Amino acid sequence: MTPMRRNSVEIRVWLQRRRIRLVTIQKELGFLGNKTVWATIEGREDNRQVLAWLRDAGCPEKHLGLPEDMRRAA
C-alpha cells in the first residue's frame, strides 16, 4: 500500500472550524512548545502523539497521512 501524504491545509481548516489552536494540542500533550505540533501538521515530522491526538479528536484520517500501523481498519 502506498503511503498517504499529509494534507496540512485541510488539517488547518479542520482545526480552525473547531477553534482548536496548536497551543491547545501542545498543552494537552505536555509539550514545552508548539514546534512539534506545527511540524507534524506540516508533514516535516511524524510525531505519533500529535497524529493520534488529531485522529482521536476526529480529524479525518485521509488528511493525516498516518503511518500504516496507526490506520484504523475500514
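Quick caveat, the model's predicted, so the values are computed rather than measured.

Here is what the cut-offs are and how they apply
- Residues numbered from 1 in each chain as written.
- Predicted model: local features only at pLDDT ≥ 70, side-chain atom pairs only at ≥ 80, totals over all residues.
- Heavy atoms only, no water.
- Core = buried A, V, L, I, M, F, W, Y, C linked by side-chain atoms within 4.5 Å.
- Buried < 20%, exposed > 50% of the residue type's maximum accessible area, 1.4 Å probe, protein only.
- Helix = DSSP H or I, 4+ residues; strand = E, 2+ residues; numbered from the N terminus.
- Contact = heavy atoms within 4.5 Å.

A few words on the nonpolar core. Ile 11, Leu 15, Val 37, Ile 41 and Leu 54 are the most contacted members of the largest nonpolar core, which totals 17 residues. Sorting the residues of this core by element identifies helix H1 (8-17), helix H2 (22-29), helix H3 (35-42) and helix H4 (48-57) as the ones contributing at least two each. With five residues, H4 is the largest single contributor of residues to this core. Discounting chain neighbours no more than four positions away, the residues touching Leu 15 are Ile 20, Leu 22, Ile 25, Ile 41 and Leu 54.

Turning our attention to H3. Listed as buried for H3 are Val 37, Ala 39, Thr 40 and Ile 41. Looking at the buried residues of H3, the elements they touch are H1, H2 and H4. Directly after H3, the chain includes Gly 43, whose backbone phi takes a positive value near 85 degrees.

This brings us to the environment of Gly 65. The residue Gly 65 is located in the segment after helix H5 (61-64) in this model. Since its relative accessible area comes to 11%, Gly 65 is described here as buried. Taking C-alpha positions, Gly 65 is 9.7 Å from Ser 8, a pair spaced 57 residues apart along the chain.

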